[in-house]
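A look at the structure
These are the residues of each chain, in order.
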Amino acid sequence: VGAAGTVRAPYGLGRRSRRSELAVLAAVAVARLRIMSRYPGVLAFNVVLPLVIASMPILLGRSIAGDRTAENFALNTGTPEYVAYMLLGANVYMVITNSLWFVGNWMRREQQTGTLEALYLAPTGRVWLLAGVALAGAGRSVLTALLAFVIGCLIYGVNPLQGNVLLALAFLAMGLPPMFGLSLAYGAAVLRFKEAQALINAAQWVIGFLMGLYFPVAVFPPLLRAIALAFPPTWTNNGVRAAILGVGYFFESWYADLAMLGVFAVLAPLVGYRIFAAVERALKRDEGIGEF
Amino acid sequence: MATGSPARLSPYGLGRPRPGARARLEALAAMVRKQLLIMTRYPVEFVTSFVTMAIVLAMFTLATGTFLPPEGLSQAAGSSAAGVVAYGFVLFLFLGDSLWFMSGGLRREQVEGTLEAHYLTPASPLADLLARVLTALLLWDGLLAIVSVAFLGLMLGGLPLVDAGAGLVILIFGFSAIIGIGLVFAAFTLVAKESAEQAASFVQFALLVLCAMFFPFSALPQPVLAVSRLIPLSYTVDLFRSTLIGHAPELAPAALEWWIVVAFGLLMPPVGGWLYRLAERRARERGSLGEY
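These lines cover the structure that appears in this document, whether it is placed above or below. (Residues numbered from 1 in each chain as written. Chains lettered and ligands numbered in written order. Predicted model: local features only at pLDDT ≥ 70, side-chain atom pairs only at ≥ 80, totals over all residues. Heavy atoms only, no water.)

**A few points about the overall build of chain A**
Selection criterion: The secondary structure listing takes helices from DSSP runs of H or I that are at least 4 residues long and strands from runs of E that are at least 2 residues long, numbered from the N terminus. We compute the radius of gyration from the C-alpha atoms alone; for a globule the expected value is 2.2 Å times N to the 0.38, where N is the number of residues. Relative accessible area decides the class of each residue, using a 1.4 Å probe on protein chains only: under 20% of the type maximum gives buried, over 50% gives exposed, and in between gives partly exposed. Note on definitions: a residue-residue contact is assigned when non-hydrogen atoms from the two residues lie within 4.5 Å. To measure how exposed things are, a 1.4 Å probe is used in the Shrake-Rupley method; for residues, cover is taken only from the protein chains shown. None of His or the chain ends enter the tally, which takes Lys and Arg as positive and Asp and Glu as negative. Positions of charges follow a simple convention, taking NZ of Lys, CZ of Arg, CG of Asp or CD of Glu.
Of regular secondary structure, chain A possesses 13 helices and zero strands. In sequence order, chain A lays out its α and β elements as α-α-α-α-α-α-α-α-α-α-α-α-α. Its C-alpha atoms give chain A a radius of gyration of 21 Å, near enough to 19 Å, the size a compact globule of 292 residues would have. Principal-axis analysis of the C-alpha atoms gives chain A an extent of 75 × 40 × 35 Å. In chain A, which comprises 292 residues, the proportion classed as buried is 54%. At a minimum sequence separation of 6, the contacts of chain A that also span at least 24 residues come to 78%. In the structure as shown, chain A presents an accessible area of about 12,800 Å², 66% of it carried by carbon and sulfur atoms. Within chain A, the 13 negative side-chain charges are centred at a point lying 10 Å from the centre of the 22 positive side-chain charges.

**Side note on the nonpolar core**
Short version of the rule: Here the nonpolar core consists of buried residues drawn from Ala, Val, Leu, Ile, Met, Phe, Trp, Tyr and Cys, with membership extended through side-chain atoms lying within 4.5 Å.
Core analysis: the largest hydrophobic core is formed by 171 residues, its most contacted members being A:Y214, B:M213, B:F214, B:F215, B:L233 and B:Y276. Ignoring sequence-local partners within four residues, the contact set of B:F215 consists of A:M56, A:L59, A:L60, B:V84, B:V209, B:L220 and B:R241. Core analysis: the next-biggest nonpolar cluster, separate from the first, contains five residues, B:L28, B:A123, B:A127 and B:A131 among them.

**Focus on the pattern of salt bridges**
Any two side chains of opposite charge can pair, given that their charged atoms come close. All names here are of chain B. Inclusion rule: Basic side-chain nitrogens of Lys or Arg form a salt bridge, by our definition, when they fall within 4 Å of a carboxyl oxygen of Asp or Glu.
One pass over the full model with this rule turns up six salt bridges over all chains. The shortest N-O distance in the salt bridge between R132 and E109 comes to 2.6 Å. Of the two residues, R132 sits in helix α5 (residues 125–156) while E109 sits in helix α3 (residues 80–112), which places them 23 residues apart along the sequence. Among the residues examined, R132 registers a relative accessible area of 11% and is labelled buried.

**Considerations on the interface of chain B and chain A**
This is how it is decided: Values labelled buried area give the accessible surface lost by two parts on being combined, using a 1.4 Å probe and summing over both. We define a polar contact as two N or O atoms separated by no more than 3.5 Å, with the added condition that, inside protein, one atom must be a possible hydrogen donor and the other a possible acceptor, whereas residues neighbouring each other in sequence contribute only through side-chain atom pairs. When residues are grouped by polarity, Ala, Val, Leu, Ile, Met, Phe, Trp, Tyr, Cys and Pro land in nonpolar, Asp, Glu, Lys and Arg in charged, and all others, Gly among them, in polar.
At the interface, 40 residues of chain B touch 43 residues of chain A. Buried surface at the junction of chain B and chain A, both sides included, amounts to about 3,900 Å², of which 78% is carbon and sulfur. Applying the counting rule to chain B against chain A returns zero salt bridges. At the junction of chain B with chain A, the criterion picks out four residue pairs in polar contact (both at pLDDT 80 or more). Of all the secondary-structure elements, those providing two or more residues to the side of chain B that touches chain A are α2 (43–65), α3 and α7 (196–210) of chain B. If one sorts the elements of the side of chain B that touches chain A by residue count, α2(B) sits on top with 13 residues. Class assignment for the residues of the side of chain B that touches chain A results in 27 nonpolar, eight polar and five charged.

**Quick word on a nonpolar patch on the surface**
What counts is decided by this rule: Patch membership is restricted to residues that have no salt bridge and whose relative accessible area is over 30%. Joining uses 9 Å for like charges and 5 Å for the nonpolar side chains Val, Leu, Ile, Met, Phe, Trp and Tyr.
On the surface, a nonpolar cluster with roughly 320 Å² of combined accessible area is contributed by A:V263, A:L267, A:V271 and A:I275. Among the structural elements, A:I275 can be located in helix α13 (residues 254–285).

**Looking at helix α6 (residues 164–192) of chain B**
Rules: Take the number of residues in a helix, subtract one, and multiply by 1.5 Å to get its expected span.
Between its first and last C-alpha, α6(B) extends 40 Å over 29 residues, near the 42 Å set by a 1.5 Å rise per residue. The positive-phi residue at the C-terminal boundary of α6(B) is B:K193, with phi of around 55°.

**Thoughts on the side chain of B:E280**
Looking at the element boundaries, B:E280 is found in helix α10 (residues 254–286). The exposure class of B:E280 is buried, given its relative accessible area of 10%.

**Observations regarding helix α9 (residues 232–245) of chain B**
Residues and elements named next belong to chain B. Look at α9: 20 Å from first C-alpha to last across 14 residues, which is about the 20 Å you get at 1.5 Å a residue. For α9, the tally of buried residues reaches 13 of 14 residues, placing the bulk of the element in the interior. Looking one or two places after α9, you find G246, whose phi comes out positive at around 95°.

**Thoughts on the environment of A:G139**
Here A:G139 shows up in helix α7 (residues 126–156). With 73 residues separating them in the primary sequence, A:G139 and A:G212 have C-alpha atoms 23 Å apart.

Following this line, the structure appears as C-alpha cells:
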C-alpha cells in the first residue's frame, strides 16, 4: 500500500505538477537557508560589506569637499543626505548582486564538485531548483541589507526611519522578480563559460555602475543612460532612494516607476528562462553540462 | 652495476629526497609556466579583469564628481585626490589578488579533490602557492596597475607623479609584504575551509577601509585611525602614496615609515611561509588536508 501510495500520490517526484514543482522550490530554498545558517561568519560579513562599500565614497567625499560636502552633494543629486544616499545604494546593490551571486556560485560549485549532472537526472525542472536557490539568496540578502542599513545609519548618526519606508520596501520587493530573470541569464553564462569568476566579478561592477550605486544615472551620456534605464536594478535603486530621500522618480510619480518595475518583473524571468534553456540545450548537444 | 637511466642520476631532480636550491627554482619556474598556460586558456577572464578595472575607476571618478561643485571633475585634474584613488587602487589590486590567488587557489583544489594528490608529488606546496601569486601579481596585476593608472590619468587629465623611483622601491617591499599576507591566508584556508573565502573578502575590504586605500587617512574617524596605525600595511599605503603625490606622509615621519615598510616587507614572507608549513603539517597529521 505504501509503495503504491507513493507512486499514485498526485505530486510525487515521479509526476510533475505545479504543486510538486513548488515543493521542489521550497525544499531547495530551505536546504540552502539551512546551509547558510551553518556559516554565521558569512552572515556577519554580508552585514559589514555594504557598510564598507558605502563608507568609501562617504570618506572620500568628506576629504575632498570638507565643510561643503552636503552642499555640493545636494547640488549634484538633489539631496544633502549623502550618507543615507550611499547606504541605500550600497544595500540595494548587495541585494541585487547577492541574488545573482548565489545562483552563479551555486552552479559553479555543483560543476566543480561533480554533482550538477546528478541534479539534472532528478525528475524536476531546473528552473525550480534555480528559483529555490535564488529565493533563499534573496531572502537572506534582504534581511542582511535591512540590518546593514540600520547599523550604518546608527554609526553615521542618520535617521533610518526617514521618508516613506513602506514604499521603499515595495520597490525593493518588486525589484526581486526581475533579478531572478537576470540570475537565470547569469546561470546560463556560468554554464557556457565555466570559469566564470572574472565574469561574475565584472558583472557585479557593471551592475553597480549601471544602477548608479554612488551617483544618479542622470550624469551618464544619453546612450549610457538609455542602457541604464533598460536595466531593472536602476529602477529599484532609484525608487528606494526617491521613497526615502525624495530625489525624484524617473516618471515623476512613484506608481509609474513601480509599474515599470512590474513590467520588468514579468518580462525579465521569461527572457532569462529562454536564455538559460537555449544555453542548456546547446550544451547537452555538445560537451554536456558537467564539464568545467 | 647498472645505474639506471641518466634522468635518475640528475643532480637536481625533484625525485631526490632533499632537492637543492636549483631544483626548487626549476620547480617554481615549471609551476609558473603551468599557471601561465592556464591563464592563456581563459582569455575571457583576462579581458574581463580589464573591463572590471575600467568600470571600478569610472565609478569612483563619478562618485568623486558628486562631491565637487557642479563645474565638475576638471578640478580634480592632477590633484592629490586623484592620486590618492589611483595609487591606492594599485595596492588594492595586489592585495586582493594575493589573497584570492593563494587562498582561493588552494580552496579550489580542495573542492575539486586534487589537493591531496598534488601534495603527494615531491614538489614544494609553497612553490605552488608562490607560482600562483607571482604569475598573477607580476604579470596580470602589473599590467592592470599600469593600465589603470594610465586610464585614470586620461579620465582626470593627469595624475601627480613626483618620485617614481622611490615609489617603485616602496611598491617592491609592499609587494613582498602582500605575498606574506597571502601566505598567512593560505594557512588560514587549511584551517577554516569553507569560511576562508568569505574571511578573505572580509579582510580585503576591512584593509581597504583601515588602510585608507581610496581616501586620505585624515578622513577616518579617530578610533578607526588608531586601529589603522597598528596595521603595518597602512604605512606602506601612506608612504607609497605620499611619495608619488609629493606630500608628507600622514601617519608618521617619512624616515620612520621607511623603516616600517622595509621591515614589514622583509618579515612577512618568512612569517607567512612558516605559518603555512605549520598549518599544512597539522592538516596532514589530522588527515584533514583534502577536507572541505
